[in-house]
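Below are the chains, spelled out letter by letter.
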Amino acid sequence: MKKAIAIVGESMPAEAVKTLRKDFHVIILPRDNYVAHQVSSHPDMILTVFDAKIFCHKSYAENNGSVLSEISRLCGLDIIPCEGKRSEKYPEDVAFNVLTMNGTLLGRRDSIAEELKVYPIVSTRQGYAGCPSLFAAGHVIPADPAILKSARENNIPTEEVSGEGISLPGYDKGFIGGACGVFGTSVYLCGSPDSFPAGISLNEVCRKLGLQLISLCEGPVLDVGGIKFVPFSIEK
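Residues numbered from 1 in each chain as written. Predicted model: local features only at pLDDT ≥ 70, side-chain atom pairs only at ≥ 80, totals over all residues. Heavy atoms only, no water.

For helix α4 (residues 65–75), every residue scored as buried is listed here: Val67, Leu68, Ile71, Leu74 and Cys75. Down the axis, α4 shows its buried residues gathered within 130° of arc, on one side only. Exposed and oriented more than 90 degrees from the buried face of α4 are Ser66 and Arg73. In the stretch just after α4, Gly76 is the one whose phi turns positive, near 75°. (Buried < 20%, exposed > 50% of the residue type's maximum accessible area, 1.4 Å probe, protein only. Helix = DSSP H or I, 4+ residues; strand = E, 2+ residues; numbered from the N terminus. Arc of directions from axis to C-beta.)

Here you go:
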C-alpha cells in the first residue's frame, strides 16, 4: 500500500519518479505558464498545501482543474483559488512560495497570497522562502541567511545547511528546499548526497536530527521545485 501522494513537477527526473512510485502515489503537476519557464513546473512556485487546503492562483485552478480535483479526491483537500497579480516578474511569482511549518507559514508577508495571510506568519526578507529551506524534525533547515535570521528571532530551532553544488537549468544555481521533500522522518533528495557540498551538508544535518536521507536518483543534486507529500486522508 502506498504511504501518501507525492506531488512533483515535470522537471523531476524519470529515475526519481520511478523511485518515489515504489512507496508513493505520484502526481505530476502541469506547468504554470504565468511564471518563468525555468521554474514553471516547480511545485513550490505553483501551490501551497496547508491547513487541509491547496492554495493556488485562480488561473492555475481554472486551467488544471482535473489534476487538482484528483489530489482533492485522494486527500480530502479543499482547493482555494486565489486572486492577485500573477506573472514571472518578482514579487508576482512568489505568492505561494512559503515554508510550511506546524500551523505556521514562513515567507515574505508582503508577497504571499492574501488568502494565506489569515494564518500565523513568520515574515522574512527572502521572497522565495520555500526554495532554500526545509522544515523537518521541528527544525527550520535553511541555506539562506535571511531565513535563518527570521527563524532564530522567532525562537524556532534551526540547522543551517550548504546550498552549494545544486543545479537548476537556466540559472546559476538551485536551492536545497527545491531539491528535497520531507515525509515523516525521511528526507528525499533529488540527486546523490555524497558528491556535492549541499548533499554532504544535508546528510550531516539529517544524521544529527535522526532523519533518514534517501537519494531518489544518481547524479548532481537538482532543484526540481521540491516534493509535496500529502497523506491520502486529511482530517479537517
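All right, on to the sheet that holds strand β5 (residues 78–82) then. Where strands meet in a sheet, backbone hydrogen bonds hold them as pairs that are either parallel or antiparallel. The sheet built from three strands is open, its strands ordered β3-β4-β5 with mixed pairing. Edge positions in the open sheet fall to β3 (47–50) and β5, since each of these has one partner strand only. Averaged over all pairs of adjacent strands, the angle between their axes in this sheet comes to 20°, without regard to strand direction. (Pairing = 2+ DSSP bridges. Axes fitted to C-alpha atoms, helices over the stretch in contact; angles between N-to-C directions.)

The subject of this paragraph is the pairing of strand β9 (residues 133–136). Residues of β9 alternate between two faces, with Ser133 and Phe135 on one and Leu134 and Ala136 on the opposite face, all of them buried. Of the strand pairs in this sheet, β9 and strand β10 (residues 139–142) are connected by four bridges, and their pairing is antiparallel. Note that in β10 the partner of Ala136 across the bridge is His139. The turn joining β9 and β10, which pair antiparallel and follow one another in sequence, is formed by two residues; a positive phi near 55° is taken by Ala137.

Inspection of the secondary structure assignment puts Val182 in strand β12 (residues 180–183). When its relative accessible area of 24% is taken as the criterion, Val182 is described as partly exposed. The sequence separation of Val182 and Phe229 amounts to 47 residues, and the corresponding C-alpha distance is 7.1 Å. In contact with Val182, other than residues within four places in its own chain, are Leu134, Phe135, Ala136, Val187 and Phe229. (Contact = heavy atoms within 4.5 Å.)

Counting residues in hydrophobic clusters, the biggest one holds 19 residues, and the most contacted among them are Ile5, Leu29, Leu47, Ile71 and Leu77. Going through the elements one at a time, β1 (5–9), β2 (25–29), β3, β4 (53–57), α3 (58–63) and α4 are the ones with two or more residues in this core. Considering every element that reaches this core, the biggest residue donor is α4, with five residues. Excluding its chain neighbours within four sequence positions, the residues that come into contact with Ile71 are Ile5, Ile7, Ile27, Leu29, Ile54, Gly76 and Leu77. Ranked by size, the runner-up nonpolar core spans 18 residues in total, among them Ile141, Leu189, Leu209 and Leu213. (Core = buried A, V, L, I, M, F, W, Y, C linked by side-chain atoms within 4.5 Å.)

The buried fraction of β4 is high, at four of five residues. Direction of pairing for β3 relative to β4: antiparallel, over a ladder of four bridges. The partner of Phe50 across the bridge, within β4, is Lys53. Where β3 folds back on β4, the antiparallel hairpin that results is connected by two residues, among which Asp51 adopts a positive phi of roughly 55°. Note: β4 against β5, five bridges, orientation parallel. Each bridged residue has a counterpart across the sheet, and for His57 the counterpart in β5 is Cys82.

Our focus in this paragraph is the side chain of Asp223. Here Asp223 is to be found in the loop between β15 (221–222) and β16 (228–230). A polar side-chain atom of Asp223 sits 3.0 Å from the main-chain amide nitrogen of Gly225. Leave out the neighbours within four places in its chain, and Asp223 touches His42, Ile166, Ser167, Leu168, Gly174, Phe175, Gly178 and Ala179. (Polar contact = N/O pair within 3.5 Å; in protein donor to acceptor, adjacent residues only side chain to side chain.)

What follows covers the packing of aromatic side chains. Per the stated rule, a full pass over the model turns up eight aromatic pairs. Here the aromatic rings of Phe24 and Tyr188 are separated by 5.5 Å at their centres, their planes lie at 85°, and the arrangement is edge-to-face. Taken as a pair, Phe24 in the loop between α1 (14–20) and β2 and Tyr188 in strand β13 (residues 186–189) lie far apart in primary sequence, 164 residues in all. No difference in accessibility class separates Phe24 from Tyr188, as the two residues are buried. (Phe/Tyr/Trp six-rings, centres within 6.5 Å; stacked < 30°, edge-to-face > 60°.)

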